[in-house]
Amino acid sequence: MNFAGYRELLSMAPVRRLLLVAMLARIPHAAAGVLVTLHVVDTMGLGYGAAGGVAAAVTVGIALGAPWRGRRVDLVGLRRALIPSVISEVVVWSVAPFLSYQLLLVAAVIGGLFSVPIFSVVRQALGVMVPPAKRRTAYALDAVGAELTFMVGPAAGVMLATTLHSVAGLILIGAASAVAGLLLMWFNPPTRSGQPGSYQQDVNDEVASMEELSPAEAAGSQSFAGANALGRFWGRTRGNLAWLNVTVIAVLGASLGAGLVLSGTDVGIVAVLRHSGQISEMGMVLVVWCAASVVGGLIYGAWSRSVNPLWLLAAMAVLTIPMGFATDTWTLAMYSIPPGLLCAPVLSSSAERIAELVAEKRRGEAMGWYGSSLTLGSAIGAPFGGMMIDAVGPWGGFTMIGVLAAVLAFAGLLAQTVRRRSVRNPAGV
């Protein structure tokens, strides 16, 4: 185990600055979920189901927009790709608090579609700012930073809603998200080898079978016109997804499974503590869970070798199931430690594998799909877990998400095994 690797990375000013910007930029997004819920329930006087509808609308927008935004970064560069996001964050979240519920749903989709792609941009930039041998450590640091952010963000959202007002809070969230986009534009971290700030400006890790962008494609990508640009993206999707093979799909499945477990666990924690009459102590459980993830991420980043994210997901999924049998705050917190230790490693390992498997010129798009799969998993986990909680109790929710994620992990491992055998023995003899 080499913890000195963290000191080496943090001694690099550009990497240190990017990780700091990433942490600050994620706080508004982490606060937004709680703030939107409180706005819909308290200010608009609607129920939690309606609040969940707005959260789902944002999720749909992010899932649709992430690959497209990543593709824009690949084609036109980071600064130009972020301009629509900066404008949208300010406009959408300044207007959204004053809309009816139906229009708020529309605004939520648009806001998600054009949200600043912090997650994918940071992972893409780290992939070219540090040598391949240090990517695991860099991604682990980023995952740890994300965990710290999600300790702070929800509390910040509650504070804004209670000390100011949810309307003012949403406007501030939009402004803060736009500032985050401007910070990224100002910093402009490299997203390709050869750009200033990349670890080796003349490196070329392109895969020989990947086609270069055609002049027509490159020229056509220079204009941006809302729906037309999105339409062009989807029209070229089939040709642009040449990098998408069984192995990559399996890794994307790992990120989907991680999102499923994380969102399902959130709902399950609430259910267990409500059942025991200790809901006011939820913060303690979340802190223990996130702290375990931080420790696990630091250990994994210092590990001497990478681990298949699907094995990590399988272990996290199985270890999540016992949380449903907790009887009070302390047992729930203790049961959250084993799966929590694997949370950050799953995310950093899957990002590392995407960076290894996908050629650099397509990596922005691939990271976008990675973010979309994580978002999709989050959207699936909460309702699936919630349905089982309603049907049989808290233990059913944890069991459901644990089993689903484990099945997904083992299916991915099986698919990878079959692919390896077919590559070794293409003739089937």
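Residues numbered from 1 in each chain as written. Predicted model: local features only at pLDDT ≥ 70, side-chain atom pairs only at ≥ 80, totals over all residues. Heavy atoms only, no water.

Draft legend 1. Spotlight on the overall build of the chain. Check the secondary structure of the chain and you find 16 helices and zero strands. Of all 429 residues assigned to the chain, the portion counted as buried reaches 51%. Carbon and sulfur atoms make up 69% of the accessible area of the chain, which amounts to about 18100 Å² in all. (Helix = DSSP H or I, 4+ residues; strand = E, 2+ residues; numbered from the N terminus. Buried < 20%, exposed > 50% of the residue type's maximum accessible area, 1.4 Å probe, protein only. Areas by Shrake-Rupley, 256 points an atom, 1.4 Å probe, with all protein chains shown as cover.)

Draft legend 2. Expanded view of the pattern of salt bridges. Summed over the entire model, instances satisfying the criterion amount to five salt bridges. Salt-bridge contacts for Arg123 lead to Asp142; the nearest nitrogen and oxygen are separated by 2.5 Å. Pair noted here: Arg123 is in helix H6 (residues 118-129) and Asp142 is in helix H7 (residues 135-164), with a separation of 19 residues, a long-range link. Neither residue differs from the other here; Arg123 and Asp142 are each classed as buried. Between Arg136 and Glu352 there is a salt bridge, with its nearest N and O atoms 3.5 Å apart. Taken together, the positions of Arg136 in helix H7 and Glu352 in helix H14 (residues 329-357) put the pair 216 residues apart, joining distant regions of the chain. For the pair formed by Arg136 and Glu352, the shared burial category is buried. One salt-bridge network, held together by shared partners, links Arg26, Arg123 and Asp142. (Salt bridge = Lys/Arg side-chain N within 4 Å of Asp/Glu carboxyl O.)

Draft legend 3. Spatial organisation of the packing of aromatic side chains. If you walk through the whole model with that rule in mind, you get two aromatic pairs. With centroids separated by 6.2 Å and ring planes inclined at 20°, the aromatic side chains of Phe325 and Trp395 adopt a geometry described as stacked. On the criterion of sequence distance, the pair formed by Phe325 in the loop between helix H13 (309-320) and H14 and Trp395 in helix H16 (residues 394-424) is long-range, its members being 70 residues apart. The class for Trp395 is partly exposed, based on a relative accessible area of 40%. (Phe/Tyr/Trp six-rings, centres within 6.5 Å; stacked < 30°, edge-to-face > 60°.)

Draft legend 4. Examining the side chain of Ser88 more closely. Position of Ser88 relative to the elements: it lies in helix H4 (residues 78-95). For Ser88, a relative accessible area of 10% translates into the label buried. In contact with Ser88, not counting residues within four places along its chain, are Trp93, Ile110, Gly111 and Phe114. (Contact = heavy atoms within 4.5 Å.)

Draft legend 5. A look at the confidence of the model for the chain. For the chain, per-residue confidence averages 79 on the pLDDT scale, and residues scoring 70 or more make up 85% of the total. Across residues 201-231 the pLDDT falls below 50, and counting only partners more than four positions away or on other chains, this stretch makes 44 contacts in the model. (pLDDT = per-residue confidence, 0-100.)

Draft legend 6. The side chain of Ser166, seen in detail. Relative to the elements of secondary structure, Ser166 occurs in helix H8 (residues 166-187). Residue classification places Ser166 among the buried residues on the basis of a relative accessible area of 3%. Among the polar contacts listed, one links the side chain of Ser166 to the side chain of Thr43, at a separation of 2.5 Å. Other than its neighbours up to four places away in sequence, Ser166 contacts Leu35, His39, Thr43 and Ala161. (Polar contact = N/O pair within 3.5 Å; in protein donor to acceptor, adjacent residues only side chain to side chain.)

Draft legend 7. Examining the environment of Arg419 more closely. Mapped onto the secondary structure, Arg419 falls in helix H16. With residues near it in sequence (within four places) discarded, Arg419 still touches Asn245, Val246 and Thr247.

Draft legend 8. Quick peek at unusual backbone geometry. Positive phi, close to 50°, is recorded for Asn188, a residue that is not glycine. Position of Asn188 relative to the elements: it lies in the loop between H8 and helix H9 (215-220). The exposure class assigned to Asn188 is partly exposed, which follows from its relative accessible area of 29%.

Draft legend 9. Broad picture of the nonpolar core. Within the largest apolar cluster, 76 residues are counted, with the highest numbers of intra-cluster contacts made by Leu18, Leu126, Leu184, Ile269, Met316, Leu332 and Ile354. Not counting residues within four places of it along the chain, the set of residues in contact with Ile269 comprises Met282, Val285, Leu286, Trp289, Met323, Leu332 and Phe398. (Core = buried A, V, L, I, M, F, W, Y, C linked by side-chain atoms within 4.5 Å.)

Draft legend 10. Up close: the packing of H6 against helix H15 (residues 363-392). Running from N to C, H6 and H15 point in directions that differ by 135°, and their axes come no closer than 9 Å. Judged by the inter-axis angle, H6 sits oblique to H15. For the pair H6 and H15, the sense of crossing is right-handed. Contacts from Phe119, Ser120, Arg123, Gln124, Gly127 and Val128 of H6 reach H15 at Arg363, Gly364, Met367, Gly368, Tyr370 and Leu374. (Axes fitted to C-alpha atoms, helices over the stretch in contact; angles between N-to-C directions. Parallel < 35°, antiparallel > 145°, perpendicular 65-115°, else oblique. Left-handed = near helix turned anticlockwise from the far one by under 90°.)

Draft legend 11. View of the packing of helix H11 (residues 246-275) against H15. The interhelical angle for the contact between H11 and H15, taken along N-to-C directions, is 35°, at an axis separation of 6 Å. Both H11 and H15 take part in a crossing whose hand is right-handed. Only Trp369, Tyr370, Ser373, Leu374, Leu376, Gly377, Ser378, Ile380, Gly381, Ala382, Gly386 and Ile389 of H15 make contact with H11, whose side of the interface consists of Leu252, Ser255, Leu256, Ala258, Gly259, Leu260, Ser263, Gly264, Val267, Gly268 and Ala271. Split by residue class, the contact of H11 with H15 holds 13 nonpolar, ten polar and no charged. (Nonpolar A, V, L, I, M, F, W, Y, C, P; charged D, E, K, R; others polar.)

Draft legend 12. A look at H11. For H11, which comprises 30 residues, the first-to-last C-alpha distance of 42 Å matches the rise-based estimate of 44 Å (1.5 Å per residue) to within 8%. With respect to burial, H11 is a largely interior element, 23 of its 30 residues being buried. Following H11 by one or two positions, Gly277 has its phi on the positive side, about 70°. (Expected span 1.5 Å × (residues − 1).)

Draft legend 13. Representation of H4 within the structure. For H4, built from 18 residues, the straight-helix expectation of 26 Å at 1.5 Å per residue is met to within 8% by its first-to-last C-alpha distance of 26 Å. Maximum bend of H4: about 25°, positioned at Ser88. (Bend = angle between axes of the 7 residues up to and from the residue.)

Draft legend 14. Local environment of a nonpolar patch on the surface. Together, Phe3, Val295, Ile299, Trp303, Trp330, Met334, Tyr335, Ile337 and Leu341 make up an exposed nonpolar region whose accessible area comes to about 820 Å². Contributions of two or more residues to the nonpolar patch are made by helix H12 (282-302) and H14. At five residues, the largest contribution of residues to the nonpolar patch is made by H14. (Patch = residues over 30% accessible without salt bridge, like charges linked within 9 Å, V, L, I, M, F, W, Y side chains within 5 Å.)

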